[in-house]
Structures are given as structure tokens and as C-alpha cells.
Amino acid sequence: MKKTLLFLAVGVVVLILAYPAYIALGALARSYGWREMDWNSDGRTTLSEFLASADIAKRSIERGQDVCWEYYALKDGLPVRTDCGLRVFIRP
């Protein structure tokens, strides 16, 4: 009985820790720099912004004469932020 409860407790702890580790690995796989992951452009990258990077991809777009990087949410394809050189356009 004690072994079963211990096994169950260890299994629950492993499951609780596995999901954040999976999200963190997804964020690392995007290979963004820390400055790129500053989604609200406040000058620092928080843990929540780092974890959000797992669900954000980037694509190149043209805006007038500039070639820009548009960061978009994978869940719906809506833009999160657009970087054109030194200018940053944040989507609400």
C-alpha cells in the first residue's frame, strides 16, 4: 500500500514538472535572443515572456520599402509584434 501511494505521488510530481519543462524546451527551440522575447518592449524579458515564446513564430514581411520581422501567435496567426530596423510596432 505504501509503495502504491509513493508511486502515485512521484507520478503526480513528475507530471506537474513535465509540462513546464515541455513548454520551456519549446521556447528554447525557437532560438530567439532574450531581446526578441521581450514581447511588451519594456526592456526586460520575464519568465512569462520566455514561456510565451514557445507559441510565437516569426516571418519576414514588407512594410513600404522596409523588410520587417513579424512575430505572430501560432494559435491563430495574429501578429504579436513587428520589428522594422530600430522601430517596433506592438499589437494590442
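Cut-offs and rules
- Residues numbered from 1 in each chain as written.
- Predicted model: local features only at pLDDT ≥ 70, side-chain atom pairs only at ≥ 80, totals over all residues.
- Heavy atoms only, no water.
- Core = buried A, V, L, I, M, F, W, Y, C linked by side-chain atoms within 4.5 Å.
- Buried < 20%, exposed > 50% of the residue type's maximum accessible area, 1.4 Å probe, protein only.
- Helix = DSSP H or I, 4+ residues; strand = E, 2+ residues; numbered from the N terminus.
- Contact = heavy atoms within 4.5 Å.
- Polar contact = N/O pair within 3.5 Å; in protein donor to acceptor, adjacent residues only side chain to side chain.
- Salt bridge = Lys/Arg side-chain N within 4 Å of Asp/Glu carboxyl O.

1. A few points about the nonpolar core
By size, the foremost hydrophobic cluster in this structure holds 12 residues: Ile 23, Ala 24, Ala 27, Tyr 32, Met 37, Trp 39, Phe 50, Ala 54, Ile 56, Ala 57, Tyr 71 and Tyr 72. Mapped onto this core, the elements with two or more residues apiece are helix H1 (2–29), strand S1 (56–63) and strand S2 (66–73). It is H1 that provides the largest number of residues to this core, a total of 3 residues. Leave out the neighbours within four places in its chain, and Tyr 71 touches Tyr 32, Glu 36, Trp 39, Ile 56, Ala 57, Lys 58, Pro 79, Val 80, Arg 81 and Asp 83.

2. Description of the side chain of Asp 83
Structurally, Asp 83 is set in strand S3 (residues 79–84). By relative accessible area, Asp 83 is classed as buried at 16%. Within the structure, the side chain of Asp 83 is placed 3.1 Å from the side chain of Arg 81, a separation counted as a polar contact.

3. Overview of the environment of Trp 69
Along the chain, Trp 69 turns up in strand S2. For Trp 69, a relative accessible area of 42% gives the class partly exposed. Along the primary structure Trp 69 and Ala 57 are separated by 12 residues, whereas in three dimensions their C-alpha atoms are 10.0 Å apart.

4. What about the pattern of salt bridges?
When their charged atoms lie close together, side chains carrying opposite charge are able to pair. Under the criterion given, the structure shown has 4 salt bridges. One salt bridge connects Lys 58 with Glu 36, and the closest N-O pair in it is separated by 3.0 Å. A residue pair is termed long-range when its members are at least 10 positions apart, and Lys 58 in strand S1 and Glu 36 in the loop between H1 and helix H2 (47–52) qualify at 22 residues. Since its relative accessible area comes to 33%, Lys 58 is described here as partly exposed.

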